[in-house]
Amino acid sequence: MKAIVKVMLTVWVASAFLFTSCESDDSKVDNQNPEIVSVVPDQAAVGTSVLITGKNFSTTLSNNSVNFGSVSATITAATAVSLTVTVPAGATSGAITVKVGSKSTQSKIAFSVLDDKKPVIVSTSISSGFCGYEVTISGSNFSATPSDNIVKFNGSVATVLQASSTSLLARVPPLASTGNITVEVAGQVANGPSFQLPPAFTLTSIKDTQVGVLDQPNGIVMDSDGNFYVTDYNLSQVNKITPSGIVSRVAGQNYIGNNSNLGTEDGPVATATLAFPNGLSFDKKTGDIYFLNSTNVKDNGALRKITPSGIVSTIAKGFYNPTGVVQDDAGNFYVADYGNFCVKKVTPSGTVSILAGSGSPTLAGALNATGTAARFTLINSIAIDAKGTIYVAEWGSLGIGSGSIRKITLAGEVSTYYTHPSTAFVEMFEVAVDAAGNVYASGEFTSGNKTSYFLHQITPTGNVKQMAFSTINSDGTYLADGCTIPFGRVAGITVDEKNRKLILLIDGIKQLNTIPM
């Protein structure tokens, strides 16, 4: 009898075990609330396949139900963590409801049911830009008539230049700021991706009327007290400008109208003569000012110094119309030798050698190489960073290449650092670099009868930001496009690290301006 009971008990336990083991996963799921994590896409037209991800769904299609509003959708695939459904006819915008067994949940983000004729933005040609830039918007259900499409950049209405059913070309409007691009057609709006724009910029004059005494300023540096020193090519002077704009002469005898005041005589500033000075460097340790005598006579240009006590001396000669000079921490100078298509190094003792470039007025080019094998066109400006890397602004002339910023290591290795994206011929005038390694490049290009001036920032990672832009018509008036700010050719840039500003020397209007970095 005991044996019979024992056998029966064993059979009962085994049956119970088998029953429990064979219980479906769906019965377990039925005891847990389903959850929706995402819906992709979150807007679509009827008939579109939509993927719902989450957890606690049933792997059996029929155990799940999905509703768009009050309309049930067809489920085409199911796993414990995803459901694939088709947006049903009659679906309405709002939360999506998922029901598994007796448990249900709703999506936290409302799903938008799109009309078949509603415009859709798929992509944009660029994701960041500036006022006046042109952006291609790709998608569907656009109007082929440009005026029937309303394109906005974060709410600012743009001009639509070209249109087809799948593509729009729009110009970034004035006052636009970072935010989404939208396209409206016949009252229906498509939301697109975010478009990044830099903050609005301003050029603030820091001059008074005395700056008007300058004739052709073309180089600028700043001392530790906030004073500026400016070379004046036409007057053959070096001038000092206080933060309040008061101008005084540091050296030079005012060449205009008196040829005897033009020369290379050293000595006290009261008698020393200058010849078409260009480029400046300021030694904050000693207070010495360095500048270049820039003449059109081959190898007659010179690197010269003005001490705080007012003595002018010549450091080195052998330059052909030099345009810029910088100094490294070891006291070496690097001179942009414009007429000889090279950068020359001058040691503290005055020894001159070629760092990079041909060194010949007959050997120009755009070749990246090392030392004298490298080729440059006209070098208009030079800058040096904290690591000793040199940057030059290349005019881009003689029918060779377009304006660019070239980089030179202290070993003389030359590479192209930045080229302006315009398809027009670009003249790069000025270059500067801040303590963080950001490079600033200014120049101009001409398209048709309009000349455009620009100031760009290039970060160490290669990101480019347009800081200022201006377009001038052939009659001298500024283009009234809402994007243009009245400024012309930048003749010099210096960095105010303390106040995080750039100081720009504007040639055409002969004044100093500041712009936030």
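Provided above is the structure to which this section pertains.
Since the structure is predicted, the reported quantities are computational estimates derived from the model, not experimental observations.

Q: Explanation requested: the overall build of the protein in the structure shown.
A: Broken down by element type, the protein carries two helices and 43 strands. Per-residue burial over the protein gives 48% buried out of 517 residues. A separation of at least 24 residues holds for 44% of the contacts in the protein among residues at least 6 apart in sequence.

Q: I keep staring at the sheet that holds strand β24 (residues 267–268) and nothing clicks. Help me out?
A: Two strands in a sheet stick together by hydrogen bonds in their backbones, pointing the same way (parallel) or opposite ways (antiparallel). Spatially, the five strands line up as an open sheet ordered β24-β28-β27-β26-β25, and their pairing is antiparallel. For this open sheet the edge positions go to β24 and β25 (277–282), each flanked by a neighbour on one side alone. With six bridges connecting them, strand β27 (residues 301–306) and strand β28 (residues 311–319) associate as antiparallel partners. Within β28, the position partnered with R304 by the bridge is T314.

Q: Honestly, the nonpolar core in this entry has me stumped. Any pointers?
A: Most often, soluble globular proteins keep nonpolar side chains buried together rather than apart. Judged by nonpolar contacts, the single largest core of 19 residues is most densely connected at I52, V66, F68, V85, V98 and F111. Top element by residues in this core is strand β8 (residues 96–100). It accounts for three residues. If sequence neighbours within four positions are ignored, I52 has contacts with I36, S38, V39, F57, V66, V81, S82, L83, V85, I96 and V98. In this structure, F153, A158, A170 and V172 belong to the second largest nonpolar core, which totals 18 residues.

Q: Help me understand the sheet that holds strand β23 (residues 247–251), please; the structure alone is not making it clear to me.
A: Strand order in the open sheet formed by four strands is β20-β21-β22-β23, and the pairing between neighbours is antiparallel. Edge positions in the sheet fall to β20 (217–222) and β23, since each of these pairs with one other strand and no more. Neighbour to neighbour, the strand axes of the sheet diverge by 30° on average, direction disregarded.

Q: Please clarify how the pattern of salt bridges should be interpreted in this entry.
A: Within the structure shown, the criterion is met by seven salt bridges. Between E35 and K55 there is a salt bridge; the shortest N-O distance is 3.9 Å. Note that E35 is positioned in strand β1 (residues 35–40) and K55 in strand β3 (residues 49–55), a separation of 20 residues in sequence. For K55, a relative accessible area of 40% translates into the label partly exposed. E134 is paired through a salt bridge with R171; the nearest N and O atoms lie 3.6 Å apart. With E134 in strand β12 (residues 134–140) and R171 in strand β16 (residues 167–171), this pair connects stretches of sequence that are 37 residues apart. E134 sits in the partly exposed class, given a relative accessible area of 42%. Since its relative accessible area comes to 33%, R171 is described here as partly exposed. A single salt-bridge network, built from bridges that share partners, covers D434, E497 and R500.

Q: I keep staring at the layout of surface pockets and nothing clicks. Help me out?
A: Empty space among the atoms becomes visible once a probe the size of a water molecule is rolled across them. Size it by volume and the largest pocket reaches roughly 1,400 Å³. Along the wall of the largest pocket there are 50 residues; nearest its centre are S281, F282, K284, I384 and T494. For the lining of the largest pocket, the secondary-structure elements that each account for two or more residues are β20, β25, β29 (324–327), β33 (379–384), β37 (426–433) and β41 (490–496). If you tally residues by element for the lining of the largest pocket, the top one is β41, at six residues.

Q: Would you explain the pairing of β27 in this entry?
A: Sheet faces and side chains relate simply in a regular strand, where the side chains alternate between the two faces. For β27, the buried fraction is high: six of the six residues fall into the buried class. Here β27 shows two buried faces, one formed by G301, L303 and K305 and the other by A302, R304 and I306. Relative to β27, strand β26 (residues 289–293) runs antiparallel, the two sharing five bridges. Considered in β27, the bridge of F291 is made with R304. What sits between the antiparallel neighbours β27 and β28 is a turn of four residues, in which G310 has the positive phi angle 90°.

Calculation criteria
Residues numbered from 1 in each chain as written. Predicted model: local features only at pLDDT ≥ 70, side-chain atom pairs only at ≥ 80, totals over all residues. Heavy atoms only, no water. Helix = DSSP H or I, 4+ residues; strand = E, 2+ residues; numbered from the N terminus. Buried < 20%, exposed > 50% of the residue type's maximum accessible area, 1.4 Å probe, protein only. Contact = heavy atoms within 4.5 Å. Pairing = 2+ DSSP bridges. Core = buried A, V, L, I, M, F, W, Y, C linked by side-chain atoms within 4.5 Å. Axes fitted to C-alpha atoms, helices over the stretch in contact; angles between N-to-C directions. Salt bridge = Lys/Arg side-chain N within 4 Å of Asp/Glu carboxyl O. 1 Å grid on protein atoms, 1.4 Å probe; cavity = no way out; pocket = protein on both sides within 12 Å on 5 of 7 lines; lining within 4 Å. Points joined across faces, edges and corners; volume = space filled by probe spheres on them.

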